[in-house]
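Structural features, examined
Each chain is listed here by its residues.
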Amino acid sequence: MDVLVAVAIGLGLAAACGFRVFVPLFAASIAASGGSLTLAPGFEWLGTDAAMVAFGTATVLEIGAYYVPWLDHLLDTVTTPASVAAGVVASAAVLVDLPPLVQWSVALVGGGGVAGLTQGATVALRTKSGLFTGGLANFAVSSFELIGATATAILAILLPLVALAVVSVIVVVSFRVIRRLRRLGVSRAA
């Protein structure tokens, strides 16, 4: 059961990284610092005061930047690979008591995959929002992403098995959003 809980926490944090890169890392840092989250060997640094300050600062800057209309699209080019990397790190950091090969396989495939899929769906949504509303709806998209990142990260830490169910829904919805937005793009281009 402990392995399932660790995987659920890791995938929940990774999905949250797909919404916002630094919010889940900041939440994990706070939880680890407070003793509510056990970190895998080699990831103890995540629970230090320095990491908490760094992730807190990065979180504030990231949140603010996503509310600047032209900057949000520019950030998507940088945060897409960063969210995958953050998803891998967040997953690996909580996969305690697993052999390194299993830990990193789950972190790379599961954590990186979930973060990338979630990020891909939000990028597609933001792009279509920008095209159809001239960027006026991007404030709402940014707010949705922030709420998604925060709620998913907190849920992953406090109720990991519920978070695993939520991540499953996020994956299904992300596939559907990406597919629907691609169809809209194809039908508009034709």
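Residues numbered from 1 in each chain as written. Predicted model: local features only at pLDDT ≥ 70, side-chain atom pairs only at ≥ 80, totals over all residues. Heavy atoms only, no water.

Our next topic: the overall build of the chain. What the chain contains, in helices and strands, is 7 helices and 0 strands. By the compact-globule yardstick of 16 Å for 190 residues, the chain fits well, its C-alpha radius of gyration being 16 Å. By its C-alpha atoms, the chain is 55 × 30 × 25 Å across when sized along the principal axes. For the chain, the residues scored as buried account for 47% of the 190 residues in total. (Helix = DSSP H or I, 4+ residues; strand = E, 2+ residues; numbered from the N terminus. Rg over C-alpha atoms; globule rule 2.2 N^0.38 Å. Buried < 20%, exposed > 50% of the residue type's maximum accessible area, 1.4 Å probe, protein only.)

Right, let's talk about the environment of Val177 for a bit. In this structure, Val177 sits in helix 7 (residues 160-189). Considered as a pair, Val177 and Ala121 are 56 residues apart in the sequence and their alpha carbons are 6.2 Å apart.

Another aspect to go through is the nonpolar core. Leu13, Leu37, Leu39, Phe43, Leu46 and Val94 are the most contacted members of the largest nonpolar core, which has 29 residues in total. When contributions to this core are tallied by element, the ones reaching two or more residues are helix 1 (2-19), helix 2 (22-33), helix 3 (49-65), helix 4 (69-94), helix 5 (100-133) and helix 6 (138-158). With 6 residues, helix 4 is the largest single contributor of residues to this core. In terms of nonpolar packing, the next biggest core, distinct from the first, is built from 13 residues, Ala6, Leu11, Leu98 and Ile170 among them. (Core = buried A, V, L, I, M, F, W, Y, C linked by side-chain atoms within 4.5 Å.)

Attention now moves to the packing of aromatic side chains. What the rule picks out here adds up to 5 aromatic pairs. With a centroid separation of 6.3 Å and an interplanar angle of 40°, the aromatic rings of Trp45 and Phe55 are classed as tilted. Separated by 10 residues along the polypeptide, Trp45 in the loop between helix 2 and helix 3 and Phe55 in helix 3 bring together distant segments of the chain. Relative to Phe139, the ring of Tyr67 has its centre 4.9 Å away and its plane inclined at 50°; by these criteria the two rings are tilted. With Tyr67 in the loop between helix 3 and helix 4 and Phe139 in helix 6, the pair connects residues that are 72 residues apart, well separated along the chain. On the accessibility criterion, Tyr67 (27% relative accessible area) is partly exposed. Above the plane of the ring of Tyr66 lies Arg20, whose end atom (NZ or CZ) is 3.8 Å from the centre. (Phe/Tyr/Trp six-rings, centres within 6.5 Å; stacked < 30°, edge-to-face > 60°. Lys NZ or Arg CZ within 6 Å of the ring centre and 35° of its normal.)

To continue, consider the pattern of salt bridges. Scanning the model with the defined rule gives 1 salt bridge in all. Glu145 is paired through a salt bridge with Arg20; the nearest N and O atoms lie 2.7 Å apart. Residue Glu145 is located in helix 6, and its partner Arg20 is located in the loop between helix 1 and helix 2; the two are separated by 125 residues in the primary sequence. Here the two residues Glu145 and Arg20 agree in accessibility, since each one is buried. (Salt bridge = Lys/Arg side-chain N within 4 Å of Asp/Glu carboxyl O.)

This part covers a nonpolar patch on the surface. Together, Ile154, Leu158, Leu159 and Val162 line one region of the surface with nonpolar side chains, adding up to about 370 Å² of accessible area. Here Leu158 is to be found in helix 6. (Patch = residues over 30% accessible without salt bridge, like charges linked within 9 Å, V, L, I, M, F, W, Y side chains within 5 Å. Areas by Shrake-Rupley, 256 points an atom, 1.4 Å probe, with all protein chains shown as cover.)

When pLDDT is averaged across the chain, the result is 88; 95% of the residues are at 70 or more. No element of the chain has a lower mean pLDDT than helix 7, at 76, and none a higher one than helix 2, at 97. (pLDDT = per-residue confidence, 0-100.)

Positive phi values are uncommon outside glycine, yet Asp97 reaches one of about 60°. Here Asp97 lies in the loop between helix 4 and helix 5.

On to the packing of helix 4 against helix 5, then. One way to put it is that helix 4 packs onto helix 5 with a least axis distance of 7 Å and a crossing angle of 160°. Here helix 4 lies roughly antiparallel to helix 5, going by the angle between them. The element helix 4 and its partner helix 5 pack so that their crossing is right-handed. Residues that form the contact of helix 4 with helix 5 fall into these classes: 8 nonpolar, 13 polar and 3 charged. (Axes fitted to C-alpha atoms, helices over the stretch in contact; angles between N-to-C directions. Parallel < 35°, antiparallel > 145°, perpendicular 65-115°, else oblique. Left-handed = near helix turned anticlockwise from the far one by under 90°. Nonpolar A, V, L, I, M, F, W, Y, C, P; charged D, E, K, R; others polar.)

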